[in-house]
Amino acid sequence: MTVHRVNIYQIARECGVRLIEAREHSPASRRPFECYCKPTIRDIGQRYGAGHLRLVFLLMTGTRQNARELYADMIKAVSRLLVNHPDLVRRPSLVDDFNAIDLGRLRRQVRSMKCGVPTSDALLVLLSVKFKPAEGHIETTGEAA
């Protein structure tokens, strides 16, 4: 695996995101464009590079409402969506499609399900369904195979 050298602070600034120490996190005072998960940001930048990290930030901050959702689980899910479906990067409507999603609502729904898998995994599945619907449909009735 190639380790990319990235300046996460510079990329965050370019995208209007403030990286803040986790110890300063207070859910009551959280504002749009504030991110308290520097280790996650650093890991994504080192794994996939500056361009990938920049795109993740831009997709997540397209609306003020979504810019409140810079949580590690959501950031990981968006990053993995792009890694697993590299063709999405060429989609002309990608930014508009992301802006149409209420990331906060999606995250709250996943967290309330308590389905026994990491929140980032469940978020990735739901985002994947939104962006890459199955060609057929999943049979939900009838006998199990």
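Note: the structure precedes this text.
Rules of the game
Residues numbered from 1 in each chain as written. Predicted model: local features only at pLDDT ≥ 70, side-chain atom pairs only at ≥ 80, totals over all residues. Heavy atoms only, no water. Salt bridge = Lys/Arg side-chain N within 4 Å of Asp/Glu carboxyl O. Helix = DSSP H or I, 4+ residues; strand = E, 2+ residues; numbered from the N terminus. Buried < 20%, exposed > 50% of the residue type's maximum accessible area, 1.4 Å probe, protein only. Contact = heavy atoms within 4.5 Å. Polar contact = N/O pair within 3.5 Å; in protein donor to acceptor, adjacent residues only side chain to side chain. Expected span 1.5 Å × (residues − 1). Axes fitted to C-alpha atoms, helices over the stretch in contact; angles between N-to-C directions. Parallel < 35°, antiparallel > 145°, perpendicular 65-115°, else oblique. Left-handed = near helix turned anticlockwise from the far one by under 90°. Nonpolar A, V, L, I, M, F, W, Y, C, P; charged D, E, K, R; others polar.

Caption draft 1: Local environment of the pattern of salt bridges. Throughout the structure, instances matching the rule amount to eight salt bridges. Between Asp73 and Arg107 there is a salt bridge; the shortest N-O distance is 2.8 Å. Highlighted residues: Asp73 in helix H4 (residues 72-84) and Arg107 in helix H6 (residues 103-113), separated in sequence by 34 residues. Among the residues examined, Asp73 registers a relative accessible area of 12% and is labelled buried.

Caption draft 2: Quick look at the environment of Arg18. Mapped onto the fold, Arg18 is located in strand E1 (residues 18-19). Sequence separation of Arg18 and Tyr36 is 18 residues, and the distance between their C-alpha atoms is 8.5 Å. Leave out the neighbours within four places in its chain, and Arg18 touches Phe33, Glu34 and Cys35. At 3.2 Å, the side chain of Arg18 forms a polar contact with the side chain of Glu34.

Caption draft 3: A look at H4. Over its 13 residues, H4 extends 18 Å from the first C-alpha to the last, a length consistent with the 18 Å expected when each residue adds 1.5 Å. The inward-facing, buried residues of H4 abut strand E2 (34-35), helix H2 (38-48), helix H3 (50-60), helix H5 (94-99), H6 and helix H7 (119-131).

Caption draft 4: Looking closely at the packing of H6 against H7. Remark: H6 packs on H7, axes separated minimally by 10 Å, with the N-to-C direction vectors making an angle of 125°. Relative to H7, the element H6 is oriented oblique. As for how H6 packs across H7, the hand of that crossing is right-handed. Contacts from Leu103, Leu106, Arg107, Val110 and Arg111 in H6 reach Thr119, Ala122, Leu123, Leu126, Leu127 and Lys130 in H7. Its residues assigned to classes, the contact of H6 with H7 shows seven nonpolar, one polar and three charged.

Caption draft 5: Spatial organisation of the side chain of Glu34. Structurally, Glu34 can be placed in strand E2. Assessed through its relative accessible area of 5%, Glu34 is described here as buried. Only 3.1 Å separates the side chain of Glu34 from the backbone nitrogen of Arg31, close enough to count as a polar contact. In this structure, Glu34 is in contact with Arg18, Ile20, Ser29, Ala67 and Leu70, ignoring residues within four places of it in sequence.

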